[in-house]
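# Structural overview for review
Each chain, letter by letter, is given below.
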Amino acid sequence: MNIKEIRLATIIIIIVLKLYNVNGQDCPPDDIIFFNQESIDDYVQNYPDCKIIEGLIWISGNKITNLDFLSQIEIIKSDFILEDTETLLNTSGLSSLQEVHGSIEIRGNRNLVDIDEISSLLVHGTQIFITGNENLKLINGFNNKQNQNTIWIRENQSLDSINAFHSIESMSGSIKIEMNDSLKYINLLSDVDSCNSLAINFNRELNEFNGFNNLKIIESGFSILNEGQKMSIPSFNFLEECGDIQINFSGEEIVGFTNLNFVHNDISINFCDSLKIIDGFNSLQSVRNINVTGSQKLHTMNAFQSVVVVDAIILQTMFNLENFNAFHSLEEVQSDLLISSFNKIEELTDFSNLKKVKKLLISSSSGIANIFDNLTPFENIDVDFLEEVGIWTSPNLSICSIDFMCEFLNKPDAIYSFASNAPGCNSAEEILAACDMVSTSDEPSFADNIHIIPNPVSDQLLVDLPKDLEVSAWNIYSSQGSSLLRGNELSKPIDVSLFEHGIYFLNLELNRGNLVKKVIVSN
């Protein structure tokens, strides 16, 4: 080869190398944005050997129909964004993609039906957003071992099923599965042990919810707000700590939460129209407020047995509650204890350990009355701590003149209200009159040997006296202090059949002193 030929060959090589540097380099150095189908189709020609993208890939455009010419890409070292496509049906063109090191955002793709290639990736990034894809049917996969910050699956109108993210072990951000109108089945995150917040909300067709088998900590909020189909929820038996819990759903049972010890804010179980059983939360020791309201079919509450101190407890509008096994350890309510419409619970003995409450409120809702007839479970309440008592619509409640109430009503700053209860508990005046008539501190030593039979009584009563006691006169008074019936011997029964239901006082003048006994008339 002569010198001229060598020079010509050198020039040709230089030209080829220059052309290769312009049009045939391995990959573009920065982010890649595809706004139309043409730019996707040209990519394989411009970068035929490009497998690793150093920046992000952003695909958006209403005329994009396929991703076939991106099939050689294996790794994206930043984010992958697929948004606002009108005609794209699937992600099959990304068949070689193995890893995304940034976030994945799939949003607003009107006709996208499946994302199988995306869901098989190893995702090193912090966020996965799958939102507003009107025709997306299934989300399966994302099961490569990985940690995430945030997962949002929202407003995918045709989404029917989610079975995904089972290898994620920890999350520092939020999980939101919300407003997916056709979603019926969820099974996800079976290995995750912690997250910042969890929201399964407003998926109105949801009827089966599984997963979260190892979840121990939810740092912030936990909500299940799904009215519509009857659904089951996981037991969350590994959950130990949570920020707050809000449940409003159409399921029949809340069973579990057996290891939950701390809820930093509130537990609200409200207006669950189909809820029949709450059986759980029995290891819970710390919570700010507990609110169970408006679950009219609820018949069993076996819950909250280890709670000692709370700010407030609201229990109302549970008209069918028959089995109440709760709050055995409760000692202090720093604000309100509201009990409303317990029309099938005859005794409030579960509150017998209560020592402090700021406001004791017993009321009704929707005109449904309480049926318990005494306040003795509250007899150990600290009157100095108590600021307000309100008792309404308890027509069987006739015994209010117990020591704590007598002492409280004599406080100069006491706030109180009574209405629509049985005689004896309808006003402060009635209660104080009864308190004045029965003073246990002045009760003679022989009082325990005198018995009213039967008591409560509906028609006739007998007074059982020891042989060493003789009566010279007796008098029956109303709770307002009015004398109703009197006599001077007790050899015959005393007829009280014409008395109204309520509490009365039998004053006995005896040879060893006077004594007042309480009589309950129930007819």
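Residues numbered from 1 in each chain as written. Predicted model: local features only at pLDDT ≥ 70, side-chain atom pairs only at ≥ 80, totals over all residues. Heavy atoms only, no water.

What follows concerns the confidence of the model for the chain. Mean pLDDT over the chain works out to 90, with 93% of the residues at or above the 70 mark. Every residue in residues 10-24 scores below 50 in pLDDT, and together they form six contacts with partners more than four places removed in sequence or on other chains. (pLDDT = per-residue confidence, 0-100. Contact = heavy atoms within 4.5 Å.)

Across all of its chains, the model carries 15 salt bridges by this definition. Close ionic contact of Lys 344 with Glu 322 constitutes a salt bridge, the shortest N to O distance being 3.7 Å. With Lys 344 in the loop between strand S31 (332-340) and strand S32 (356-363) and Glu 322 in the loop between strand S29 (312-316) and strand S30 (323-326), this pair connects stretches of sequence that are 22 residues apart. Note on Lys 344: relative accessible area 35%, which makes it partly exposed. The class for Glu 322 is partly exposed, based on a relative accessible area of 47%. Glu 387 is the partner of Lys 358 in a salt bridge, and the nearest nitrogen-oxygen pair spans 3.7 Å. You can see Lys 358 sitting in strand S32 and its partner Glu 387 sitting in the loop between S32 and strand S33 (388-394), a full 29 residues away along the chain. (Salt bridge = Lys/Arg side-chain N within 4 Å of Asp/Glu carboxyl O. Helix = DSSP H or I, 4+ residues; strand = E, 2+ residues; numbered from the N terminus. Buried < 20%, exposed > 50% of the residue type's maximum accessible area, 1.4 Å probe, protein only.)

Taking strand neighbours across the sheet as the criterion, the four strands line up as S38-S37-S40-S41 in an open arrangement whose pairing is antiparallel. Edge positions in the open sheet fall to strand S38 (483-487) and strand S41 (513-521), since each of these has one partner strand only. Averaged over all adjacent pairs, the angle separating strand axes in this sheet is 20 degrees, with direction ignored. Bridging between strand S37 (residues 471-478) and S38 involves four bridges; their strand directions are antiparallel. Bridge pairing in S38 links Asn 475 to Arg 486. (Pairing = 2+ DSSP bridges. Axes fitted to C-alpha atoms, helices over the stretch in contact; angles between N-to-C directions.)

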